[in-house]
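# Per-entry structural report
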Amino acid sequence: MPNRLLRVNAYTTFDMLDAEAVSHEFTEEALAVLNVTAPRKNPDHVRLELELDNSQLNHLPAHADKVTLTAEQARTLAGELEEYAGRVEAAQAEEGDDGDDESEE
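Residues numbered from 1 in each chain as written. Predicted model: local features only at pLDDT ≥ 70, side-chain atom pairs only at ≥ 80, totals over all residues. Heavy atoms only, no water.

An unreviewed UniProt entry annotates the chain as DUF6360 family protein originating from Halogeometricum luteum.

Here is the structure:
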């Protein structure tokens, strides 16, 4: 990803996700980096960072979005992620039980 704004290394949370940039005028798809960090010294917040690969975007300049969360907000987000992940897993398990899964032979 040229002109990367977020640092990506072995500790980056996710470095190759499918993402979309959506506006009233367009929707673009690109690979993205999603990272969760906290300051090393005296951590007082959790930071969530997202950057789409600008080489795959036609309408947006290179940029990164960052959200600063309190510990309580980060836990709320983690709980929501767990809840929705459970829904997805349950739905996928139901599909597999129907026998309609094409990957099964």
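There's more to say after this.
### Brief notes about the pairing of strand β2 (residues 27–37)
Here strand β1 (residues 14–22) pairs with β2 via seven bridges, running antiparallel. Residue A19 lies in a different strand from β2, and its bridge partner there is A30. Once β1 ends, the chain turns through four residues before running back antiparallel as β2. Judged from the six bridges that link them, β2 and strand β3 (residues 46–52) form a sheet pairing that is antiparallel. Its bridge partner being in β3, A32 is matched across the sheet by L52. (Pairing = 2+ DSSP bridges. Helix = DSSP H or I, 4+ residues; strand = E, 2+ residues; numbered from the N terminus.)

### A look at the pattern of salt bridges
Where charged atoms from two side chains of opposite charge come close, those side chains can pair. Considering all chains together, one arrives at two salt bridges under this definition. K66 serves as the salt-bridge partner of E49, at 3.9 Å between the closest nitrogen and oxygen. Here K66 lies in strand β4 (residues 65–69) and E49 lies in strand β3, a separation of 17 residues in the sequence. Judged by its relative accessible area of 11%, E49 is buried. (Salt bridge = Lys/Arg side-chain N within 4 Å of Asp/Glu carboxyl O. Buried < 20%, exposed > 50% of the residue type's maximum accessible area, 1.4 Å probe, protein only.)

### Side note on the sheet that holds β2
The sheet built from four strands is open, its strands ordered β1-β2-β3-β4 with antiparallel pairing. Lying at the two open borders of the sheet, with one neighbouring strand each, are β1 and β4. Strand-to-strand, the axes of this sheet are offset by a mean angle of 30 degrees, without reference to chain direction. Bridge count for β3 against β4 is five bridges, and the pairing is antiparallel. Bridge pairing in β4 links L50 to D65. Across the sheet, helix α1 (residues 71–97) lies against β3 and β4, angled at about 110 degrees from β4, the strand it touches most. (Axes fitted to C-alpha atoms, helices over the stretch in contact; angles between N-to-C directions. Contact = heavy atoms within 4.5 Å.)

### A short note on unusual backbone geometry
The bulk of non-glycine residues show a negative phi, and the bulk of peptide bonds are trans. Phi is positive for N42, which is not a glycine, with a value near 50 degrees. Residue position: N42 is located in the loop between β2 and β3. Take N42: its relative accessible area is 71%, and that puts it in the exposed class.

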